[in-house]
Structure formats: C-alpha cells, structure tokens
Amino acid sequence: MSGLLQARQLSIRIGRQAVCERLDLTLEANQSWALLGRNGAGKTTLLHHLAGLRKDHGGTVLLGHERLSGLAPRARARQIGILLQHSGQGFGASVLETVLSGRHPHLGTLDWEGPSDLAIARAYIDALGLDELAARPLDTLSGGELRRVEIARLLAQQSPVSLLDEPMNHLDLAHQATCLRTLGSECVSAERAMLLVVHDLNLAYRACDHWLILNGDGSWRAGPRDALCDPELLSVAYGHPISRIDTDSGPLFLARL
C-alpha cells in the first residue's frame, strides 16, 4: 500500500505509557484525518513522530517511498507542513513576514522571496481575513489572530501533507468556519492530505472523512469516519459515556453529564 505519508508497525511510548502499538496508517491524497482521544492519550506525541520531529519509536514512517528519518529538514519541510499546538511571538516579525516564511523551504540557500512567493502569502492572508493586520508585529496580536497567522503560514508552505495540532485553538466560531473551509479546500486535493488533532467530535465529524482514535492504552482504531463514530467505541476511547443524537444536519455527539 502506498500513500503520501505512512506509518508501518509504528510503536510509541511515553515512559511506561503506550501511545500506539504497531500502528499501520496511510494518508492518501484527497483525505482529511482527525486524530482523536482523551487528554494524555499521546495525540501530540504521535503527530510529532509523523512529522519527523521525534524518532524514538519502533517501526517506520514513510514519506512517499522514502524513510522520513533519512530526509534533511528542508526536504522534509517541502513535503510536510506542521502547525504546532503552542504559538510563538516571532521576535517582532510582522504578519506578512511570518506568512512569507512558509515559502522558505522552497527557496535555495541564498535565495530571497520573489513576487510569486509574495503573491502566495498575500492570498492566504486575505483568505483568512488578515489583510488589515499584514504590517502588524506578532506580539501585538490576540491569540486568535496569531493562530490565523500560523495557519496562513502553513497554507503558504503548500506541502502535500499538512499536520495540525489543535488548529482551532483560540478561534471563535466564525473564524473556525473560515479556517476549516480554507484548510479543506487547500490541503485536501488530488495531491494533498491533512491530519488534524481535535478535541471536538462534532468538529471532527464535519471537517474530516477519516478518523484515527487512540484509546490511551496503546490500542487504536483507524478508518473511514462513518465506521468509527459509534458511541460505544468513542466511550471506550474517552473513558466517559458519549451519546450520539442523529439530526437532519448530521450526528451530534455529547458527553453525558
């Protein structure tokens, strides 16, 4: 089986806790994946391994047909874009400069950004409603504004694989909708796929067509969303009873009080 990004028999531990045991996962073009599980299950840790940021695992991560561990950072960045969970202030960089930095993996060592790079950066700044903030330093932005800048930078990277850790952090409902719509249109295509770490099952259902669920004990389930959105499976994964209410606009998932 081939794909844009693959995990083969991937086993990861945090101390004595198993994050996943012998995980087999394939991200194929035109797929959107949600990575789900309770707090502390190891979702962020798994994302870091899939992105090549950590290598202390058993098994193999492949980018196309190449081992991810064998790729240089710049080559890896041309193929995988990652949005981390926590935001940085960028040492006084402006919004435009930060988004434009997403183009750097595509430049030569001594090259500067050209007009096409600037056009790409400005297009994503506009798409996420940041045009009036383009000249602002990052340290003057709110948490939600900064999160949109980071998403715009990832979009400007235009990598075949996008891995995002809780991308909706700090965003209000309107900006969540805008960002998810833009991510879906730009990062899921005949040549691209994305995986999101999310906590909201309702958001995961609407944004992603495949789910990877960590149960917190090393076991996992992965596959098409509609095969995995069963309340019993989710209750096991979250260690808490989950209810599903079917509505005209789709299922609604609730944690029982």
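Caption draft 1: The arrangement of unusual backbone geometry in detail. At Q9, a residue that is not glycine, the phi angle is positive and equals roughly 50°. Position of Q9 among the secondary structure elements: in strand β1 (residues 5-14). Given the relative accessible area of 39%, Q9 is considered partly exposed. Residue Q158 is not a glycine yet carries a positive backbone phi of 50°. By the secondary structure assignment, Q158 is in the loop between α5 (143-157) and β7 (161-165).

Caption draft 2: Main features of helix α1 (residues 43-51). Counting buried positions along α1 gives 7 out of 9 residues, so the element sits mostly inside the fold. Every buried residue belonging to α1 is among K43, T45, L46, L47, H49, L50 and A51, and all of these are buried.

Caption draft 3: How the structure looks around the pattern of salt bridges. Taken as a whole and assessed by the stated rule, the structure comprises 6 salt bridges. Here D117 and R103 are joined by a salt bridge, their closest N and O atoms 3.0 Å apart. With D117 in helix α4 (residues 115-127) and R103 in the loop between α3 (95-100) and α4, this residue pair connects regions lying 14 residues apart in the sequence. Judged by its relative accessible area of 8%, R103 falls in the buried class. Note that D246 is salt-bridged to R244, the shortest N-O span being 2.8 Å. Using a relative accessible area of 55% as the deciding quantity, one classes D246 as exposed. Among the residues examined, R244 registers a relative accessible area of 31% and is labelled partly exposed.

Caption draft 4: Up close: the side chain of S159. Note that S159 resides in the loop between α5 and β7. Reaching out from S159, the side chain makes a polar contact with the backbone oxygen of A77 at a distance of 3.2 Å. Residues in contact with S159, not counting those within four places in the same chain, are A77, R78, Q79, I80, G81 and R192.

Caption draft 5: Molecular detail of the packing of α5 against helix α6 (residues 173-187). At a minimum axis separation of 11 Å, α5 and α6 run at an interaxial angle of 5°. Considered as vectors, α5 and α6 are oriented roughly parallel to each other. In contact with R148, I151, L154 and L155 of α5, α6 contributes H175, C179, T182, L183, E186 and C187. Looking at the contact of α5 with α6 residue by residue, the classes come out as 6 nonpolar, 2 polar and 2 charged.

Caption draft 6: Representation of the pairing of β1. Pairing of β1 with strand β2 (residues 17-27) involves 7 bridges; the strand directions are antiparallel. From the neighbouring strand, I12 faces β2, where its bridge partner is C20. The hairpin formed by β1 and β2 contains 2 residues between the paired strands, and G15 there has a positive phi angle of roughly 65°. Bridge count between β1 and strand β4 (residues 58-63): 5 bridges; the pairing is antiparallel. Paired with A7 across the strands is V61, a residue of β4.

Calculation rules
- Residues numbered from 1 in each chain as written.
- Predicted model: local features only at pLDDT ≥ 70, side-chain atom pairs only at ≥ 80, totals over all residues.
- Heavy atoms only, no water.
- Helix = DSSP H or I, 4+ residues; strand = E, 2+ residues; numbered from the N terminus.
- Buried < 20%, exposed > 50% of the residue type's maximum accessible area, 1.4 Å probe, protein only.
- Salt bridge = Lys/Arg side-chain N within 4 Å of Asp/Glu carboxyl O.
- Polar contact = N/O pair within 3.5 Å; in protein donor to acceptor, adjacent residues only side chain to side chain.
- Contact = heavy atoms within 4.5 Å.
- Axes fitted to C-alpha atoms, helices over the stretch in contact; angles between N-to-C directions.
- Parallel < 35°, antiparallel > 145°, perpendicular 65-115°, else oblique.
- Nonpolar A, V, L, I, M, F, W, Y, C, P; charged D, E, K, R; others polar.
- Pairing = 2+ DSSP bridges.

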